[in-house]
Every structure is written in structure tokens, then in C-alpha cells.
Amino acid sequence: MSQKYEFTKEELAEIEKIKAKYPDKKPPVMPVLWLAQNKFGHVEPEVQHLVAKTLDLPPAHVYGVVTFYTQYYGERKGKYVLDVCTTLTCQVCGGYEILHHLEEKLGIKAGETTEDGLFSIQSVECLGACGYAPMMQITNGVYCNHLTKEKVDKIIDDLRAGKLPEYENMPFYQHGDPEPSKS
Amino acid sequence: MNTDWKNFEPVLIPNIKDLYKIDVYEKNGGYEQLKKVFKDKKHTPESLVNEVKAANIRGRGGAGFNAGLKWSFMPKPDGGPRYIAANGDESEPGTFKDRVIFERNPHLFIEGSILAGFAMDITAVYVYIRGEYRDQINMMQKAIDDAYAKGYLGKNILKSGFDLEMYVHSGAGAYICGEESSLMESLEGKRGYPRVKPPFPAQKGLWGRPTTINNIETLANVPLVVKNGADWYTSIGAKTHPGPVLYGISGHVNRPGVYEYPTGMLITDLINDVCKGVRGGKKVKAVIPGGSSTPPLRGDSLDGVRMDADSLRTAGSMMGTAGMIVMDEDTDIVDVIWRISHFYHHESCGQCTPCRDGTGFLEKTLIKIKDGEGEMRDLDILLDLCTQMEGRTICALADAAAWPVRYAVERFREDFEKRVKKTVYAVA
Ligand SMILES: Cc1cc2nc3c(=O)[nH]c(=O)nc-3n(C[C@H](O)[C@H](O)[C@H](O)COP(=O)(O)O)c2cc1C
Ligand code: SF4
Ligand code: FES
């Protein structure tokens, strides 16, 4: 097996801390897969082997976990994975228009990656931000809310320049929190 | 019923700046209830369970089960470990309210979990949060770290002799992991296949040990009950389903968002007053009151319907997670129901045939109808499929998939009929 994928000493120490939270050998598999994916950008089979070896688990078990949960990238994806929610509220508030706008703009379909490896687009299920629909999440990270085509264009420009959007604190209107800026 | 909702002061998410910071929380009476219980001996574990039971906090995760009653199912301590799994999976479409607790008042939830831990002699609380909530997971971790630093968690909490650990566990994208037994499988580091019940979690839960699963919002109510008493709690909102509740309202309203009000609010007040009406002054076509699995109500049947278990049952739906989706008159109900069934098909774990095949077949039939290829008899096929799915599976996902279809076909029949091909009868 290639030597490309390894955990550093610090990461191994972190993994020991994770193990201490659970009374059994298997539970650390999810947090350690997260750790691996955040480091390597994916959890392809070689990374799965590393996780299995580190936790002394059968690789088949790790593979089973990776394939059950949609957020683990068992195959490499674009640097920026654009997860556009098209479920229920987002659907009725224009989620598909946002998805199709992105598809047109980037010249790929949902489920595909641009040739330069910069963007992947996915149509995903409710992300728990229905009050801020339509919305998308970037690479399992920041949420972009109340999307319009213009807002999407700006996000893409920023991402091309290597700039991720910042965390948006969503208002709790009951307290007179500010209205979201209308774009 | 207390209908004076306009003067209601939020208690789950009170209007206090930076309340998520532990110092601010403490300055505003936070962690006082722990001190009352651990130092002033306000409660024994038994009296605490009874108080919470009397308050009738009905689970905010969807099923609406009395939290204290659930706690009372835990067997007597035998010296071995016992667990709480706090359910922050929040993946039922239309639901986005637990995240407000993570963002704005995480310590209320932590304090509630510690009190619950004391009541049931718990060893560790695992806070399961959907993986997509990366930012909220970090916020929660920070809040827990701060609570440890202040001695509210860990060994010998407030010198009471009681120990409790609290850990955050991140999901990774699987709706089914919100189902309590699937959540436990996931916590155990496996694929999230729901378990056959019995045994129930109180008997055999995490790692075969007694476990209680509660929703995040449910646990956040506990310090309020300890502070103000069960009588105070039951005086708020609907008699049989009391308390403050976080309504997550989304869709075609002018001001969607999460709002805290008593249970038993009129749906029309929530839409017209709280959310400032429907966008563009349009009419309401349909409302899904409590997340995608709760049966949709017609816009012309909302008069007098309140957001509590009894009123919604009478109206033909359920409270669910109080994640309400409002759809205006231009909404294509057939499309919406197809998309909901796509969701459940996608999220079915595939263990049970009626669910695995049923959700697929529902979706296929709905695609046919939506694309204008359906026939009148497909509507009956849909209803028949629902009957074959309901109550026949390991977990309630199959029911959750069937209900919206059944009730949409029944209540919005004209929309479906408009989309199917006119049947031509051959004349002999
Ligand atoms: C398919 C399915 C998904 C569920 N998802 C969630 C969820 O995301 N969050 C939640 O709190 N409960 C969810 N539940 C309900 C849980 O199984 C459980 O009843 C609840 O967490 C118990 O807490 P409570 O009594 O405090 O509501 C789900 C149930 C089913 C059948
Ligand atoms: S009902 Fe569906 S989701 Fe639930 S266990 Fe059966 S197949 Fe899995
Ligand atoms: S429906 Fe899109 S975030 Fe919930």
C-alpha cells in the first residue's frame, strides 16, 4: 500500500482522545473518518484502510460505514462541493432554480465535477435551514442562506478567488433581530 | 387555554445578548437549578422524575411522549453504566429549531441534560448532532468545554459526588439516524440500521445498557420545570400538551424563522401575525404542521386549528416537530408530494421490504403522475401502497413516508385527478 496517507503524531494523540469517549472499539470510526476527510479531502479506500488500521477494525467495517453516510466522500470530489437543498421548503422556495442556475453556470449536472476539479454540484436533502430557503452548503461546511441567482454568482466568484463565505448568524425575529438584507 | 401569546416572554430563547456564553448564562440565573438540586437538595432523583412527569413535557422530537414518564422506565441502577442519547439529528424536512438552541442557548440544554442525568443516575450523555451542522457542533463543543471548566460536568459535580460526562458525536448525513435505535447504532460506530423493539432502549440501549433518548429541545425544558415547577409549566399553552415550543416556520410566508410561543397557537395566528402573512398576499393552499411526515392540511380547513397534539389530531394531522411549512395557492401539490416521497425513498435504510419497495414504488408512481403519464387507477394504487406500508415495519419511516401521500391524495384529490390521463372506457 502507498505511504501517502498517514496520521501525524498530533492526530494520533487526537484519536486517542476520541477513543477515550467511548467504551468500545467501533464508535471512534465516525469521528476518525471525519478527521481523515478534513485532512485528506476524501475517504477513498486507501484512507479507509488507514482508519481501519489505526482503529484495529476490519476494513470492510469502515467501508460499510463510509457507504452508509452521504457526507463521507468515498470518491474524490471537487474542491468546493456545492450541496443545494431541493427538499420540501427549498423546493417550493426555488431550490431547483438555484440548482439549475449553478448547473448552467458551471456547465455540469448535479452529481458531476468540473474538469478543473474546483466544483462539484449535488442536489441534497433538507439541511435543517428551511427558514432560510433556498440554501446550500459548501463542502460540508458553511451554509449560504436566502439564495438568489445574484448571491450565487457572487459566491462562485469568491470561491474562484479562494474565498469562502462567512458564517451567517440567522435572525431570531421575535427579539427584533435585524431583517435579513434583501438582495 | 392561555391565549395571551402576544405577551408571552420567551424562556427557551430569552432575549439576552450573548446568552450562549457561559458567563452571561450564569449571570442570568443559569446553572442555578443545578445548585438548587446538588447543594440545596431541592430534589432527589425520584422527586425530580416525578416533577418532570407532572409537567408533561411532551417530546419535541416528533412522537410527543411525556419525558418524565419515559425517564421512569429506566431500571434501578445496578452499578453499571447508563446513558442519555440527546437527539440533535434534526433531519425531518421542515425542521430547523434545535439549531437555534445550539446557537443561542446551549447551556440551557446542557443544564437540562445534567439534571436528567442526575434523575436517572446517568454515566454519560452523548449529544448526537447531524454532521451538516458543523458550525453548531463546534458551538456545542465549546459550551461543553466551558461547562467542564466550571465544574458542572465531569467528576463530583458541585461536590455532590455525582459524576457525568458529556460528549458530542457528529452524524454524517443520514436522516434515519434521527430514529432513536438507528441513532444508537450510529453512536456505536455502525451503519444506522434501526433495531427491532423490544428490547426497548431503557432495557437495552447503547452498548446493551439502559439508555434514554430525548430530543434537544425536550431536555432544554427541564431547568425551566425545576425552576418554576410543574404547575407553572402546565399552565402554559395547551392543557394536554403544555409548555413553550419552538415553532420553525418556513415556506411562503413573509417572515419565516424559528419562534418561541406556547403550544396551542392557532395556525392562522402563526401565519398571519407571527410570520406577517403569506408572500404577495396570496392564499394558503396547504400547511404541513410538523415536519414532512405529518399529514398536510388544506388551506381552507385551518380555521380554529391549534398547534397541539389534540387539536391537530382532530384536524387530521400531527404536531411532529412543530416545523411548519406554508404553501401558497400557486404550489404544485403533486410535485411537492413526489419530492417528499423521493426523500423517504432515498432515506429508507432498506431493511424492511414494505419500506424499501414501498417507498420506491410510491416515488415511481408519483413521477408517472407528475409527468402526466398516470391514470386514475394510480391514485388508488397509491392509497393501497400506503396501507401495505403502514405499521408493518421495524421503524416508523415507512409510516412517515406513507402519511403525506395518503392524506394528500385524499385531501387534494382534484390536483391529482387533473394530472392523470383521462381514462377512456371502451364501449362494447
Ligand atoms: C425516521 C425517524 C426519524 C426521526 N428523526 C428525529 C430527529 O431528527 N430528531 C429527533 O429528536 N427525533 C427524531 N425521531 C424521533 C426519535 O425516534 C425519538 O422519538 C425522539 O428523539 C425521542 O425524544 P423526545 O421524546 O424527547 O421527542 C425520528 C423518528 C423516526 C421514526
Ligand atoms: S421502516 Fe424503512 S427505514 Fe425503518 S428499518 Fe424498515 S427499511 Fe429501514
Ligand atoms: S428544506 Fe431545504 S433546508 Fe430544509
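Since we're looking at a predicted model, the values are computed, not measured. (Residues numbered from 1 in each chain as written. Chains lettered and ligands numbered in written order. Predicted model: local features only at pLDDT ≥ 70, side-chain atom pairs only at ≥ 80, totals over all residues.)

1. Side note on the overall build of chain B
And step 1. On a plain count of helices and strands, chain B comes out with 17 helices and 11 strands.
And step 2. Taking 428 residues into account, the globule formula puts the C-alpha radius of gyration at 22 Å, and chain B, at 22 Å, falls close to it.
And step 3. Across its three principal directions, the C-alpha atoms of chain B cover 90 × 45 × 35 Å.
And step 4. The buried share among the 428 residues of chain B stands at 56%. (Helix = DSSP H or I, 4+ residues; strand = E, 2+ residues; numbered from the N terminus. Rg over C-alpha atoms; globule rule 2.2 N^0.38 Å. Buried ≥ 20, exposed ≤ 12 C-beta atoms within 10 Å, placed from the backbone.)

2. Some details on the overall build of chain A
And step 1. Scanning chain A from terminus to terminus reveals 7 helices and 4 strands.
And step 2. The order of α-helices and β-strands along chain A, N terminus first, is α-α-α-α-β-α-α-β-β-β-α.
And step 3. Overall, chain A is about 50 × 45 × 30 Å in size when its C-alpha atoms are taken along their principal axes.
And step 4. With 183 residues in all, chain A has 38% of them scored as buried.
And step 5. Across chain A, contacts joining residues at least 24 apart in sequence account for 55% of those joining residues at least 6 apart. (Contact = placed C-beta atoms within 7 Å.)

3. Side note on the environment of E90 of chain B
And step 1. One can find E90 of chain B in the loop between β1 (83-88) and α5 (98-104).
And step 2. In this structure, the C-alpha to C-alpha distance between E90 of chain B and E165 of chain B, residues 75 residues apart in sequence, is 23 Å.

4. Considering the confidence of the model for chain B
And step 1. Residue-level pLDDT values for chain B average 96, and 98% of them are 70 or greater.
And step 2. Overall fold confidence for the complex sits at a pTM of 0.97, while the interface term, ipTM, reaches 0.96. (pLDDT = per-residue confidence, 0-100.)

5. Considerations on the site of ligand 1
Residue and element names in this part refer to chain B.
And step 1. Around ligand 1 lies a shell of 24 residues, among which G59, G61, G178, N215 and T218 are the nearest.
And step 2. If you list the elements that add at least two residues to the shell around ligand 1, you get β4 (211-215) and α16 (397-411).
And step 3. In terms of residue count, β4 provides more of the shell around ligand 1 than any other element does, 3 residues in total.
And step 4. Here the residues of the shell around ligand 1 are counted per class, giving 9 nonpolar, 9 polar and 6 charged.
And step 5. The two domains that each donate at least three residues to the shell around ligand 1 are domain 1 (5-234) and domain 3 (333-419). (Near = placed C-beta within 6 Å. Nonpolar A, V, L, I, M, F, W, Y, C, P; charged D, E, K, R; others polar. Domains from an automatic or database assignment.)

6. Things to note about the interface of chain B and chain A
And step 1. Listed per partner, the contact involves 54 residues of chain B and 40 residues of chain A.
And step 2. Those elements that place two or more of their residues in the side of chain B that touches chain A are α5, α7 (134-149), β3 (165-170), β7 (244-251), β8 (257-262), β11 (323-328) and α13 (333-347) of chain B.
And step 3. At 6 residues, the largest contribution of residues to the side of chain B that touches chain A is made by α13 of chain B.
And step 4. Residues belonging to the side of chain B that touches chain A are distributed by class as follows: 22 nonpolar, 18 polar and 14 charged.

7. Thoughts on the domain arrangement of chain B
All names here are of chain B.
And step 1. Segmentation of chain B into domains returns domain 1 (5-234), domain 2 (237-328) and domain 3 (333-419).
And step 2. The straight-line distance from the C-alpha centre of domain 1 to that of domain 2 is 26 Å.
And step 3. Taken together, the contacts link 24 residues of domain 1 with 23 residues of domain 2.
And step 4. Along the lines of polarity and charge, the residues of the side of domain 1 that touches domain 2 split into 11 nonpolar, 8 polar and 5 charged.

8. Focus on the packing of helix α6 (residues 95-106) of chain A against helix α7 (residues 149-160) of chain A
All names here are of chain A.
And step 1. Interaxial distance between α6 and α7 falls to 10 Å at its minimum, and their mutual angle equals 40°. The angle between α6 and α7 falls in the class oblique. In this structure, α6 meets α7 at a crossing whose hand is right-handed. Judged by residue contacts, I98, H101, L102 and K105 of α6 engage K149, V152 and I156 from α7.
And step 2. Its residues assigned to classes, the contact of α6 with α7 comprises 4 nonpolar, 1 polar and 2 charged. (Axes fitted to C-alpha atoms, helices over the stretch in contact; angles between N-to-C directions. Parallel < 35°, antiparallel > 145°, perpendicular 65-115°, else oblique. Left-handed = near helix turned anticlockwise from the far one by under 90°.)

9. Points about the domain arrangement of chain A
And step 1. When its domains are assigned, chain A resolves into domain 1 (9-68) and domain 2 (80-161).
And step 2. Using C-alpha coordinates to define each centre, domain 1 of chain A is positioned 29 Å away from domain 2 of chain A.

10. Concerning the site of ligand 2
Residue and element names in this part refer to chain B.
And step 1. For ligand 2, the set of nearby residues contains 14 residues, the closest of which are C349, C352, C355, T393 and C395.
And step 2. Mapped onto the shell around ligand 2, the elements with two or more residues apiece are α14 (353-370) and α16.
And step 3. Taken together, the residues that form the shell around ligand 2 break down as 9 nonpolar, 4 polar and 1 charged.

11. As for the packing of helix α6 (residues 106-120) of chain B against α7 of chain B
All names here are of chain B.
And step 1. At a minimum axis distance of 10 Å, the contact between α6 and α7 shows a crossing angle of 55°. Between α6 and α7, the crossing angle belongs to the class labelled oblique. For the crossing formed where α6 meets α7, the hand is right-handed. Along its contact with α6, which presents P106, H107 and I110, the element α7 presents M139, M140, A143, I144 and A147.
And step 2. Broken down by class, the residue content of the contact of α6 with α7 amounts to 7 nonpolar, 1 polar and no charged.

12. Examining unusual backbone geometry
And step 1. A cis geometry characterises the amide bond from K197 of chain B onward to P198 of chain B, with omega recorded as -5°.
And step 2. Locating P198 of chain B in the fold gives a position in the loop between α8 (180-187) and β4.
And step 3. Of note, the bond from P198 of chain B into P199 of chain B is cis; its omega dihedral lies within 30 degrees of zero at 5°.
And step 4. Looking at the secondary structure, you find P199 of chain B in the loop between α8 and β4.
And step 5. Backbone geometry places N140 of chain A, a non-glycine residue, at a positive phi of 60°.
And step 6. Structurally, N140 of chain A can be placed in the loop between β3 (136-138) and β4 (143-144).
And step 7. Of the residues examined, N140 of chain A has 18 C-beta atoms within 10 Å and is grouped as partly exposed.

13. Examining the nonpolar core
And step 1. In terms of nonpolar packing, the biggest core is built from 174 residues, with L33 and M135 of chain A together with A85, L115, Y247 and V326 of chain B touching the most fellow members.
And step 2. In terms of residue count, the dominant contributor to this core is α16 of chain B (10 residues).
And step 3. Those residues in contact with V326 of chain B that lie beyond four places of it in its chain are I249, G251, H252, V253, I271, V278, V284 and V287 of chain B. (Core = buried A, V, L, I, M, F, W, Y, C linked by C-beta atoms within 7 Å.)

14. A look at the sheet that holds β7 of chain B
The pairing of strands in a sheet comes from backbone hydrogen bonds and takes either a parallel or an antiparallel form.
And step 1. Spatially, 5 strands are ordered β8-β7-β11-β9-β10 (chain B) in an open sheet, and the strand pairing comes out mixed. In the strand order of this sheet, the two ends are held by β8 and β10 (297-298) of chain B, each with one partner. (Pairing = 2+ DSSP bridges.)

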